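The lines below spell out each chain.
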Number of protein chains: 6
Amino acid sequence: MEFSIADRAQILIEALPYIQKYNGKIVVVKYGGHAMVDEELKKSVMGDIVLLTLVGMRVVLIHGGGPEITNMLDRLGKKSEFVDGLRVTDKETAEIVQMVLAGKINKDLVNFIDNIGGHAIGLSGMDSHLIEAEKISEKLGYAGRVTSINPKPILDMLEKGYIPVVSTVGCDKHGNIYNVNADDVASQIAGTLGAESLISMTDTRGILRDKDDETSLISEIQVSEAPQYIKSGVISGGMIPKVESCIEALRRGVNRVFIIDGRVQHAILIETLTDAGVGTMFK
Amino acid sequence: MEFSIADRAQILIEALPYIQKYNGKIVVVKYGGHAMVDEELKKSVMGDIVLLTLVGMRVVLIHGGGPEITNMLDRLGKKSEFVDGLRVTDKETAEIVQMVLAGKINKDLVNFIDNIGGHAIGLSGMDSHLIEAEKISEKLGYAGRVTSINPKPILDMLEKGYIPVVSTVGCDKHGNIYNVNADDVASQIAGTLGAESLISMTDTRGILRDKDDETSLISEIQVSEAPQYIKSGVISGGMIPKVESCIEALRRGVNRVFIIDGRVQHAILIETLTDAGVGTMFK
Amino acid sequence: MEFSIADRAQILIEALPYIQKYNGKIVVVKYGGHAMVDEELKKSVMGDIVLLTLVGMRVVLIHGGGPEITNMLDRLGKKSEFVDGLRVTDKETAEIVQMVLAGKINKDLVNFIDNIGGHAIGLSGMDSHLIEAEKISEKLGYAGRVTSINPKPILDMLEKGYIPVVSTVGCDKHGNIYNVNADDVASQIAGTLGAESLISMTDTRGILRDKDDETSLISEIQVSEAPQYIKSGVISGGMIPKVESCIEALRRGVNRVFIIDGRVQHAILIETLTDAGVGTMFK
Amino acid sequence: MEFSIADRAQILIEALPYIQKYNGKIVVVKYGGHAMVDEELKKSVMGDIVLLTLVGMRVVLIHGGGPEITNMLDRLGKKSEFVDGLRVTDKETAEIVQMVLAGKINKDLVNFIDNIGGHAIGLSGMDSHLIEAEKISEKLGYAGRVTSINPKPILDMLEKGYIPVVSTVGCDKHGNIYNVNADDVASQIAGTLGAESLISMTDTRGILRDKDDETSLISEIQVSEAPQYIKSGVISGGMIPKVESCIEALRRGVNRVFIIDGRVQHAILIETLTDAGVGTMFK
Amino acid sequence: MEFSIADRAQILIEALPYIQKYNGKIVVVKYGGHAMVDEELKKSVMGDIVLLTLVGMRVVLIHGGGPEITNMLDRLGKKSEFVDGLRVTDKETAEIVQMVLAGKINKDLVNFIDNIGGHAIGLSGMDSHLIEAEKISEKLGYAGRVTSINPKPILDMLEKGYIPVVSTVGCDKHGNIYNVNADDVASQIAGTLGAESLISMTDTRGILRDKDDETSLISEIQVSEAPQYIKSGVISGGMIPKVESCIEALRRGVNRVFIIDGRVQHAILIETLTDAGVGTMFK
Amino acid sequence: MEFSIADRAQILIEALPYIQKYNGKIVVVKYGGHAMVDEELKKSVMGDIVLLTLVGMRVVLIHGGGPEITNMLDRLGKKSEFVDGLRVTDKETAEIVQMVLAGKINKDLVNFIDNIGGHAIGLSGMDSHLIEAEKISEKLGYAGRVTSINPKPILDMLEKGYIPVVSTVGCDKHGNIYNVNADDVASQIAGTLGAESLISMTDTRGILRDKDDETSLISEIQVSEAPQYIKSGVISGGMIPKVESCIEALRRGVNRVFIIDGRVQHAILIETLTDAGVGTMFK
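Keep in mind the model is a prediction, meaning the values are calculated, not measured.

K.L.:
Just checking my understanding: could you explain the overall build of chain A for this structure?
P.N.:
Secondary structure assignment for chain A yields 11 helices and 14 strands. Overall, the C-alpha framework of chain A stretches about 60 × 45 × 35 Å when taken along its three principal axes. For chain A, with 283 residues in total, the buried portion stands at 61%. Residue pairs in contact within chain A that sit at least 24 positions apart in sequence constitute 71% of those at least 6 positions apart. Here chain A displays about 10500 Å² of accessible surface, and carbon together with sulfur accounts for 49% of that area. Averaging the coordinates of the 30 positive side-chain charges in chain A and doing the same for the 38 negative ones gives two points 4 Å apart.

K.L.:
Just to check I follow, could you spell out the nonpolar core for this structure?
P.N.:
Within soluble globular proteins, side chains that are nonpolar tend to cluster in buried spots. Ranked by size, the top nonpolar core spans 620 residues in total, and within it Ile207 of chain B together with Ile207 of chain D carry the most contacts. The contact partners of Ile207 of chain D, leaving out residues within four places of it in the chain, are Ser216, Leu217, Ile218, Ile221, Val234, Ile235, Met239, Val243, Ile259, Thr280 and Phe282 of chain D.

K.L.:
How should the pattern of salt bridges be read in this particular structure?
P.N.:
Side-chain pairs of opposite charge can arise where the charged atoms are in close proximity. What the rule picks out here adds up to 134 salt bridges over all chains. Of the charged contacts, one joins Lys135 of chain B and Glu138 of chain B as a salt bridge, the two residues approaching to 3.2 Å between their closest N and O atoms. Under the relative-accessibility criterion, Lys135 of chain B is labelled partly exposed at 25%. In this structure, Lys30 of chain D engages Asp183 of chain D in a salt bridge whose closest nitrogen and oxygen atoms are separated by 3.6 Å. Residue Lys30 of chain D is found in strand E1 (residues 26-31), and its partner Asp183 of chain D is found in helix H8 (residues 182-193); the two are separated by 153 residues along the sequence. Considered together, Lys30 of chain D and Asp183 of chain D belong to a single accessibility category, that of buried residues. Bridged by salt links that share partners, the residues Arg75 of chain A together with Lys78, Asp90 and Glu92 of chain D form one connected network.

K.L.:
Where do I start with the packing of aromatic side chains in this structure?
P.N.:
Two aromatic rings, taken as a pair, are described by how far apart their centres are and by the angle between their planes. Under the definition given, this model contains 6 aromatic pairs over all chains. Relative to Tyr178 of chain B, the ring of Tyr142 of chain B lies with its centre 5.5 Å away and its plane at 55°, an arrangement referred to as tilted. In this pair, Tyr142 of chain B is assigned in the loop between strand E6 (131-135) and strand E7 (143-149) and Tyr178 of chain B in strand E10 (residues 177-180), connecting sequence segments 36 residues apart. For the pair Tyr142 of chain B and Tyr178 of chain B, a shared accessibility class is recorded, and that class is buried. The side chain of Lys135 of chain D reaches across the aromatic face of Tyr142 of chain D, ending 4.5 Å from its centre.

K.L.:
How do you make sense of helix H4 (residues 39-54) of chain E when you look at a structure like this?
P.N.:
Residues lying three or four places apart along an α-helix face the same way, a consequence of the helix completing one turn every 3.6 residues. Residue and element names in this part refer to chain E. Taking 1.5 Å per residue as the helical rise, H4 with its 16 residues ought to reach 22 Å, and the 23 Å between its terminal C-alpha atoms agrees with that figure. The element H4 is extensively covered by neighbouring structure, given that 12 of its 16 residues are classed as buried. Taken residue by residue, H4 has Leu41, Lys42, Ser44, Val45, Met46, Gly47, Asp48, Ile49, Val50, Leu51, Leu52 and Leu54 as its buried positions. Downstream of H4 by a residue or two, Gly56 has a phi angle that is positive, lying close to 105°.

K.L.:
I would appreciate a short explanation of the relation of the copies chain C and chain F in the present structure.
P.N.:
A rotation about an axis combined with a shift along that same axis relates the two copies of the chain. Mapping chain C onto chain F calls for a screw motion: a turn of 180° about the axis and a shift of 0.0 Å along it, with 0.0 Å RMSD after fitting. Such a combination of rotation and displacement between the chain copies is what one expects of a two-fold axis. Closest approach to the rotation axis within chain C is made by the C-alpha atom of Val55 of chain C, at a distance of 2.1 Å.

K.L.:
Is there a simple way to explain the pairing of strand E11 (residues 197-202) of chain E in this structure?
P.N.:
Regular strands place side chains that alternate from one sheet face to the opposite one. All names here are of chain E. Taking burial as the measure, the 6 residues of E11 include 6 buried ones, the bulk of the element. Of the two faces of E11, both are covered, the one formed by Ser197, Ile199 and Met201 as well as the one formed by Leu198, Ser200 and Thr202. Two strands pair when backbone bridges link them, and strand E1 (residues 26-31) and E11 are joined in this way by 4 bridges, in the parallel orientation. When the bridges of E11 are listed, Lys30 appears paired with Ser200. The sheet contact formed by E11 and strand E13 (residues 256-261) spans 6 bridges and is parallel. Following the sheet pairing, Ser197 is matched in E13 by Arg256.

K.L.:
I keep staring at the interface of chain C and chain F and nothing clicks. Help me out?
P.N.:
How big an interface is tends to be expressed through the accessible area that disappears when the partners come together. Every contact between the two is made by 33 residues of chain C and, on the other side, 33 residues of chain F. Considering only the surface of chain C that becomes buried against chain F, Ile11, Leu12 and Leu54 of chain C emerge as the three largest contributors, covering 22% of it. In this assembly, chain C and chain F are joined by 2 salt bridges. Notably, a salt bridge pairs Glu14 of chain C with Arg8 of chain F, separated by 2.6 Å at the nearest N-O pair. Counting across the interface, chain C meets chain F through 6 residue pairs in polar contact (both at pLDDT 80 or more). The element that contributes the greatest number of residues to the side of chain C that touches chain F is helix H1 (residues 5-14) of chain C, accounting for 9 residues.

K.L.:
How should I be thinking about the packing of helix H8 (residues 182-193) of chain E against helix H10 (residues 239-251) of chain E in this particular structure?
P.N.:
Two packed helices can be described by the angle between their axes and the distance between those axes. Residues and elements named next belong to chain E. At a closest axis distance of 8 Å, the pairing of H8 and H10 adopts a crossing angle of 10°. By the criterion of interaxial angle, the relationship of H8 to H10 is roughly parallel. Contacts between H8 and H10 pair Asp183, Asp184 and Ser187 from the former with Lys242, Ser245, Glu248 and Ala249 from the latter. Among the residues forming the contact of H8 with H10, the class breakdown is 1 nonpolar, 2 polar and 4 charged.

K.L.:
In this structure, what is going on with the sheet that holds strand E5 (residues 120-124) of chain C? I would like to understand it.
P.N.:
Strand pairs in the sheet, formed through backbone hydrogen bonds, run parallel or antiparallel to each other. All names here are of chain C. One open sheet accounts for 8 strands, arranged E5-E8-E2-E1-E11-E13-E14-E12; its pairing is mixed. Pairing within the sheet leaves two strands with one partner each, and these edge strands are E5 and strand E12 (220-221). Packing of helix H8 (residues 182-193) onto the sheet brings it into contact with strand E1 (26-31), strand E2 (58-63), strand E8 (163-167) and strand E11 (197-202), and relative to E1 it is tilted by some 175°.

K.L.:
Quick question: what am I supposed to make of the environment of Ile177 of chain A here?
P.N.:
With respect to the helices and strands, the residue Ile177 of chain A is situated in strand E10 (residues 177-180). Apart from the residues within four sequence positions on either side, Ile177 of chain A is in contact with Ala94, Gln98, Met126, Tyr142, Val169, Gly170 and Cys171 of chain A together with Asn111 of chain D.

K.L.:
What is the right way to look at the interface of chain D and chain A in this model?
P.N.:
At the interface, 41 residues of chain D touch 41 residues of chain A. Roughly 3300 Å² is buried in total at the junction of chain D and chain A, and carbon and sulfur atoms are behind 50% of that figure. Broken down residue by residue, the surface that chain D buries against chain A is led by Met99, Lys107 and Lys160 of chain D, which jointly contribute 18%. Run the count over chain D and chain A and you get 8 salt bridges. If you look at where chain D meets chain A, you find 24 residue pairs in polar contact (both at pLDDT 80 or more). Listed by contribution, the elements that provide at least two residues to the side of chain D that touches chain A are helix H5 (67-75), helix H6 (91-115), strand E5 (120-124) and helix H7 (152-159) of chain D. Per-element tally for the side of chain D that touches chain A: the top contributor is H6 of chain D, with 14 residues.

K.L.:
Mind showing me how you'd approach the side chain of Asp127 of chain F here?
P.N.:
Take Asp127 of chain F: it is sitting in the loop between strand E5 (120-124) and strand E6 (131-135). Side chain to side chain, Asp127 of chain F and Lys107 of chain E meet in a polar contact 2.6 Å long. There is a polar contact of 2.7 Å between the side chain of Asp127 of chain F and the backbone nitrogen of Ser124 of chain F. In contact with Asp127 of chain F, other than residues within four places in its own chain, are Lys107, Val110, Ala120, Ile121 and Gly122 of chain E together with Pro153 of chain F.

K.L.:
So what exactly am I meant to see when it comes to the arrangement of the chains here?
P.N.:
In this structure chain A stays clear of chain C, and the shortest span between their C-alpha atoms is 16 Å. In this assembly chain D lies apart from chain F, the nearest approach of their C-alpha atoms being 16 Å.

K.L.:
Help me out: how do you make sense of the relation of the copies chain D and chain A in this one?
P.N.:
Expressed as a screw transformation, the operator carrying chain D onto chain A has a rotation angle of 180° and an axial translation of 0.0 Å, and the superposed copies differ by an RMSD of 0.0 Å. Both copies present the same face, since 100% of the interface residues in chain D are matched by interface residues at the equivalent positions in chain A.

K.L.:
Please clarify how the sheet that holds strand E2 (residues 58-63) of chain F should be interpreted in this entry.
P.N.:
Residues and elements named next belong to chain F. Read from one edge of the open sheet, 8 strands run E5-E8-E2-E1-E11-E13-E14-E12, paired in mixed fashion. Bordering the open sheet on either side are E5 and strand E12 (220-221), each of which pairs with just one other strand. Contacts from helix H10 (residues 239-251) reach strand E1 (26-31), strand E11 (197-202), strand E13 (256-261) and strand E14 (279-282), with the element oriented near 150° to E13.

K.L.:
Is there a simple way to explain helix H7 (residues 152-159) of chain C in this structure?
P.N.:
Turning to H7 of chain C, its buried residues number three or more, namely Pro153, Ile154, Asp156, Met157 and Leu158 of chain C. Positive backbone phi, at 90°, marks Gly161 of chain C, one or two positions downstream of H7 of chain C.

K.L.:
Looking at this structure, how should I read the confidence of the model for chain A?
P.N.:
Detail in the predicted coordinates should be disregarded across regions flagged by low pLDDT. Looking at chain A, the pLDDT average stands at 92 and 99% of residues meet or exceed 70. At the level of chain-chain contacts, confidence expressed as ipTM amounts to 0.94, with global pTM at 0.89.

Calculation rules
- Residues numbered from 1 in each chain as written.
- Chains lettered and ligands numbered in written order.
- Predicted model: local features only at pLDDT ≥ 70, side-chain atom pairs only at ≥ 80, totals over all residues.
- Heavy atoms only, no water.
- Helix = DSSP H or I, 4+ residues; strand = E, 2+ residues; numbered from the N terminus.
- Buried < 20%, exposed > 50% of the residue type's maximum accessible area, 1.4 Å probe, protein only.
- Contact = heavy atoms within 4.5 Å.
- Areas by Shrake-Rupley, 256 points an atom, 1.4 Å probe, with all protein chains shown as cover.
- Lys, Arg positive; Asp, Glu negative; His and termini not counted.
- Charge placed at Lys NZ, Arg CZ, Asp CG, Glu CD.
- Core = buried A, V, L, I, M, F, W, Y, C linked by side-chain atoms within 4.5 Å.
- Salt bridge = Lys/Arg side-chain N within 4 Å of Asp/Glu carboxyl O.
- Phe/Tyr/Trp six-rings, centres within 6.5 Å; stacked < 30°, edge-to-face > 60°.
- Lys NZ or Arg CZ within 6 Å of the ring centre and 35° of its normal.
- Expected span 1.5 Å × (residues − 1).
- Least-squares fit on C-alpha atoms with pLDDT ≥ 70 in both.
- Pairing = 2+ DSSP bridges.
- Buried area = accessible area lost by both parts, 1.4 Å probe.
- Polar contact = N/O pair within 3.5 Å; in protein donor to acceptor, adjacent residues only side chain to side chain.
- Axes fitted to C-alpha atoms, helices over the stretch in contact; angles between N-to-C directions.
- Parallel < 35°, antiparallel > 145°, perpendicular 65-115°, else oblique.
- Nonpolar A, V, L, I, M, F, W, Y, C, P; charged D, E, K, R; others polar.
- pLDDT = per-residue confidence, 0-100.

If you want it as structure tokens, here you go:
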């Protein structure tokens, strides 16, 4: 579609109050799902992030792994066992996770952002011990639980004008590496930084009243209503821990937490700079 | 017209390269003509300026007078005599010009900007002797010619995050007040500040090849071509000194100078954040 | 009179403890009365202010209007009605007040200060919404009451080395302009800034025990004694609201408040840099 | 061996002039060879670097790959072809190099440094486009040649108190990844930063007059003597490009360039804080 | 003795955790006794201080007088009377003390430090009234007791990168000069600065369980144990006030206080950068 | 004499242009002669200096010795020999000079300034090697000639808000102490600092055309006229080297150099803040 210049101007000017609201604020984006594998969506997410940075927000990008980890494990002949939905992570698997997340995905994202005019620095949990973790249980091995977040490297990068891109690999003081949950890391980082908002990308429309009906989106959920939704099955399966991370972020002082549909082009831009919403907001 | 969220996102994202180009740069806007009297246009100009400020530009607004001065002179029974198109300005007329420009128009603009979320400070040529002037000739009285610009108060305001709004009244070291040409002031301020661009608002489509045909707009003029256009009458009448001010600004190091159509809503936004143009650019 | 160089030195050296006491402190001067119309007195006040600035004080000059407003209203054929001593202010009157205060008097003062070597910036209540106001009552129209002071523009000007000159016109978030009481504005600004002292210029010797005897000056009044003086008529008429503004400033944390005789040359200098007093101090 | 406290003190005090000489200076360390695979040597190098940082030097650690890359290529069934001693690098190989260098080795080093009390941030050529490269020839594929160094991210990290650890992977503006020569990167980074010294670790004693006699070490070589040594075969094989990188660093303004024996414990410390030398210095 | 380079490296690397512990911390050294008169010891102390400064500590050197004062008093024919172990100090004696401490010893130390590569500034209690004092009793004259410490000049010198060298002469607001106890000054300065540690040099091994047996050193004393040791005579004579100063420093928030043997070369270095101890630590 | 408040105000206001002229400028005062021994004059000089500091000048006080040195040498039984008007200075004499200047006179001045409300730090040539010197000739011993001035400690003190008081003792890199000429030091310090003016106090009215007639003062001398005045004997004896120091300061870029009559109360204040002069100005 072709837009008239008047249309363009009107839309830009309508973004004004949103830009004012977020000026100088920290926005943490948890990047994942389809948006990581579809090149068009990836381009749209990175474009959104650079734009938000230019209009005065301080954006932190948090990413996990996805199919590239499984793919590499397969190629190296490592079989994965799962316990309670968590990958049993031996030392070698943890190393492969580290390599793929911090070496491949992280640096590709950083490179992408720089190539469209942003300035990014890639960080992992090991850099200045940003993410410290510990074992959840012996049988899960190095599938870890976050024990502390060091906000200094992120704040230093923001102060110097960079977009910090954080891969969710944890470490401890003994040299061990941990595979940690990206939603959990994003929630804790947003809380520790006192972020204005946390935007978590998924591959659904958000929280649906009827999971088979995409038009049944619940656009706003009060923290107090969450248990009820879980009980009634509206929030279920993999969405439960994600929602719990969102609620945890709110408890840690983040003002607004969104679960947005990462399959929609420019979902982040729409969520922050327009009055439309493309997901569910938690308050 | 209603826009889809995808449309909104697309237009915002298309502004990205323009925002990058102007980031941190100084843009001087010479405000005048219809845009000063039509409330809708005034609102659109002030909205544009606040938006540009939020996306990282440092905007300086320069304004002259217009019908409010004539109106006040009429009410006070002052008759105006003109010599060579310039108002013969006695001491009392100069005082009335000062009062209307620096007291009425300037402060109304400042108030307007603040009410839509910007932070403006109104300055006149007297504030820290921003604009010093001298008589052009004895018979013209206090219709002055700019002798020097003090950029410090403007730069101080920009550094502190304000939008400086400058009324074009000059002064000298002996306490005299001068009515000075606003285009000339804008050109000299843009040059002294090393501005990236100067945008001058008029009540025409720009420079027209055929002045009766609005579709005959010349969208770009090389400085070297200007004399020719003046000779051939394409540039004529009141447009001649305006064009000369534009050329002067380029000579003083401003990168891009635009004469834009102030009757078009959001003309400034369109000129800076889209690839459309609503006037004539001088290079 | 000719002074010997020894006399000069002695007087300068005797100013030392006063200069030390005020070093880096904020002094708010409410300028008004005869000192605004008598050219010699005006020159003496502006000289004092520049000198105090140079010896390390941070001076803020607050001014109201005086005869120039009435004069302009007369010339424009506006008749003024008064209710309870306050001018009934319709929208047009408010605009004329704004124009005269912020455009004429304010910029003349700024120009004057610059011409004797100071660096001044003129501000009004509209600049970055320094003074917000609301209606006192419908029948008084836009004769307003101050609702909030934004100290940021004043502090920014002081930090950048300017003398802020503030004209007492108020505004609100809807674009209205208010005629506000200058003593009240001075008192609230001094309080909000945490000023060391507030010096309010009048056309009397100060508070006189016997109003017909200029030698009966009361040089110091405890806040607690004020009601008594009002009851007994020592403080009466227009002096009552002025004294109330002084007491209000003390309540807001200003250390010393003076009502000084603006008809005396260099009254401000005498009050701050010598042990003589030219008025009444409130503690 | 047990040292008496007097011995300890004497040795510490003898380091004083060296600490003074390097105070605040940038020292670039090219880490490689045995010191990367032997755990004891790795510990000794990282300890040296943290110590030098604490005594006031600003250390930048540059590392290449080594056997871990070959190992991973083998495990993934990628066969390596070599042309003129350079690995022919297809797109997939370049990705594996990136993953191992930036994800595995780099983050392990960063983690190691943090665990012994330093504060490190791992960077790659992609971070804020630190290292840009281009193809050397089509047949070599993504075995690249450095075209530019962006010193900003390194200087920002140093200013914020971090030890920057740089993995030598290059990128270009089109999203390609390049396998670049680590000696070359170290030389160019040292030159661009205006480093005081460049220390390059090898697995030999330095330049030996007789390659079979470790006691025939040449402890100092003038740049002008190098061609002669190459001609006579004293400098030969893989040492030639290494020496050329050293000379290039000197040409770019680095004051002192060392090739040191990485098999010696604390070789860096010895070279910088004592009058002993463990290799060859170029001047 | 000749050290191998490996020995040198090992000792330097063993200092690492101590350097980390003290990084950026303030260490106050009370210099006195034999170390002031023996040229070798003086050289060793000044070398230690410059080294500690270079490895990131902020060292403050406090010194008293010693035999040079007595010597000068003798030469000038002033006889000293003592009451309760304190010198009766008349005005002239106080002046001589000032002259020797602030003019001779202080400036010699400053000169010494500069000549070995440090940057020192000598301060006395009079400089910006660093040490204010009052009389202890009339009969003792100007043998004073410290009443307040002004930490600003010391902190300003540290911030500017100087080693402040403080001579322990006190003053008051009336121009009097006081001979004050150096241990007491050191303790109060360390407390006021929030120093990490206070190191007090003496001419003994530290606190000895049996004063005739140098091997009976008590290496650590809890504050609570001190009264007991005084009662039992383990701490006796001139050591009592010294110990009391140490305890006072701990009470004022200093973390570690040491009494060390100033007769041992590099005692300060050993105490701070090795795990050996050359005296008694108070906790 | 009693001054009216109007007189006081007039004198203060007449100082305004002088205060403006010197604002932020460095003024070096060479203090000496009667003003050092007469308590009233000392008080007047120190008061002047504190006042000038408060009105925005950055004052550096340089002092030599005077009778206190001779007095101390006498008391210690040291006889002084003179060669060419210069005291032959053996090592012991140099030490006594150091002690009296840096320990007694310097700290007394610092104390005096602090007690009247200034903030002073005393420096000597040894502090951060402010004054380096060398022997003039073997026979004169440690009567030295200045070889270099380190302006850093003075500039650091000024930046931190202190009045630096400098005693004119020199040192070298071998630990030697030198008795240096105070006029020469003052001239070189003023030149190195780029001072606005150098004020040198003497015990005469200035340069007199007829040395027996105090009314024959020459109030201004061009540098080019000096040789003539020396030839004709107008400038003679001890005044010759003083005048040469003044001329040297002008050559090093000091704008104005004054020889003023230190026997006049507040001579410095009069010279800087009034249009009266109390000596001879060199241009």
